[in-house]
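# Structure assessment
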Amino acid sequence: METGIQLLWAIGLLGITVAIAAWQRVENHWGIAIAGVRATLQLFVFGYLVALVYALHNALLSLGAIGGLAIVAALLLRNQLMIKLPLFPVILLALSLGLGLPLVYVVALVMSPTDWFDPRILLPLSGVVLANAASGGLLAADRLLQRLTQNPGAIETLLCLGGSVSQAIAPYRQEALRAALMPQISGLGVVGLGVLPTVMAGELLGGVDPLKAAAVQLLLLLMSLLATLITALVLCAGIQRQCFSDAAQLQQW
């Protein structure tokens, strides 16, 4: 009962936000309300599903839950692309590799749980890392697509001079990778300097030892950095294959 009352008071923050937005005649103040209610429902449904996975403690169920998270992240990334290309399989592969490699490394060498499939470890790590990898992958994909659209003449000139597709787009691919990694690098640079990361703040509110909370936050930041780089690399390779014909001709959209 006490938790329910606390939740109602917490939701009151949404009501205050909507009231101030309406007072200031913000056009989309009802959109704020709808987004808040939707987020509340989504989080509780997701929470119950995670609780079910925790309770059943099954390897296939844990892997299935991670797969579901990856599919949702891939769909969201695809829907936000600047140019709508049939890239869903590439996006899903990029996110799967981006998550899988650091996750296997951490489970095997860093955390070493009794059960490798322990959902209490796999699901929180996967959720945070997938979100960051998808965000970085979107930045890389949009930047590369933008540069390919803006510079067809320069690319075709290099191809005509005998350069390969990879050589012709190398500067744009490198720029896309920088764009993907910049938020992660910036986050590493300011974390702990008056900026309390979300995960660490949540653990501190949950009563976790501050040093342990800091270690978990660092682990997630480093996992996200590697996952973002792998995701961006695979996405750039997929876009390159999608945007050039077998005869090394730049496709027009």
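Scoring rules and cut-offs
Residues numbered from 1 in each chain as written. Predicted model: local features only at pLDDT ≥ 70, side-chain atom pairs only at ≥ 80, totals over all residues. Heavy atoms only, no water. Helix = DSSP H or I, 4+ residues; strand = E, 2+ residues; numbered from the N terminus. Buried < 20%, exposed > 50% of the residue type's maximum accessible area, 1.4 Å probe, protein only. Expected span 1.5 Å × (residues − 1). Polar contact = N/O pair within 3.5 Å; in protein donor to acceptor, adjacent residues only side chain to side chain. Core = buried A, V, L, I, M, F, W, Y, C linked by side-chain atoms within 4.5 Å. Salt bridge = Lys/Arg side-chain N within 4 Å of Asp/Glu carboxyl O. Patch = residues over 30% accessible without salt bridge, like charges linked within 9 Å, V, L, I, M, F, W, Y side chains within 5 Å. Areas by Shrake-Rupley, 256 points an atom, 1.4 Å probe, with all protein chains shown as cover. Contact = heavy atoms within 4.5 Å. Axes fitted to C-alpha atoms, helices over the stretch in contact; angles between N-to-C directions. Parallel < 35°, antiparallel > 145°, perpendicular 65-115°, else oblique. Left-handed = near helix turned anticlockwise from the far one by under 90°. Nonpolar A, V, L, I, M, F, W, Y, C, P; charged D, E, K, R; others polar.

### Let's talk about the environment of A131
By the secondary structure assignment, A131 is in helix α5 (residues 119-150). By relative accessible area, which is 48% here, A131 ends up partly exposed. Taking the C-alpha atoms as reference, A131 lies 9.9 Å from L77; in sequence the two are 54 residues apart.

### Concerning helix α10 (residues 210-243)
Spanning 34 residues, α10 covers 48 Å between terminal C-alpha atoms, matching the ideal 50 Å at 1.5 Å per step. Between a side-chain oxygen at the N-terminus of α10 and the backbone nitrogen of L211 the separation is 3.1 Å; the capping residue is D209.

### Points about the nonpolar core
Judged by nonpolar contacts, the single largest core of 55 residues is most densely connected at I155 and F244. If you list the elements that add at least two residues to this core, you get α2 (29-56), α3 (59-80), α4 (88-111), α5, α6 (152-160), α7 (165-168), α8 (170-190) and α10. At 14 residues, α5 tops the list of elements feeding residues into this core.

### Considering the pattern of salt bridges
Within this structure, the stated rule accounts for two salt bridges. A salt bridge links R143 to E175, with the shortest nitrogen-to-oxygen separation between them at 3.2 Å. Linking R143 in helix α5 with E175 in helix α8, this pair joins segments that are 32 residues apart in sequence. Under the relative-accessibility criterion, R143 is labelled partly exposed at 30%.

### What about unusual backbone geometry?
Its identity as a non-glycine residue notwithstanding, R25 has a phi of 60 degrees, on the positive side. With respect to the helices and strands, the residue R25 is situated in the loop between α1 (2-23) and α2. Among the residues examined, R25 registers a relative accessible area of 74% and is labelled exposed. Phi is positive for S112, close to 45 degrees, though the residue is something other than glycine. Along the chain, the position of S112 falls in the loop between α4 and α5.

### Focus: a nonpolar patch on the surface
A cluster of nonpolar residues, L7, L8, I11, L43, F44 and Y48, forms a patch on the protein surface that exposes about 640 Å² of accessible area. Secondary structure elements with two or more residues in the nonpolar patch: α1 and α2. Along the chain, the position of L7 falls in helix α1. A relative accessible area of 32% places L7 in the partly exposed class.

### Here we look at the environment of R173
Locating R173 in the fold gives a position in helix α8. On a C-alpha basis, the gap between R173 and A247 in space is 20 Å, while along the polypeptide they are 74 residues apart. Excluding residues within four positions of it along the chain, R173 makes contact with L144, S166, C236 and Q240.

### Quick notes on the packing of α3 against α4
Close contact between α3 and α4 brings their axes to 9 Å; oriented N to C, the two are set at 135 degrees. Regarding the angle of α3 to α4, the classification is oblique. Between α3 and α4 lies a crossing of right-handed hand. Across the interface between the two elements, I66, A70, I71, A73, A74, L75, L77 and R78 from α3 touch F88, I91, L92, L95, L99 and L103 from α4. Tallied by class, residues from the contact of α3 with α4 come to 13 nonpolar, no polar and one charged.

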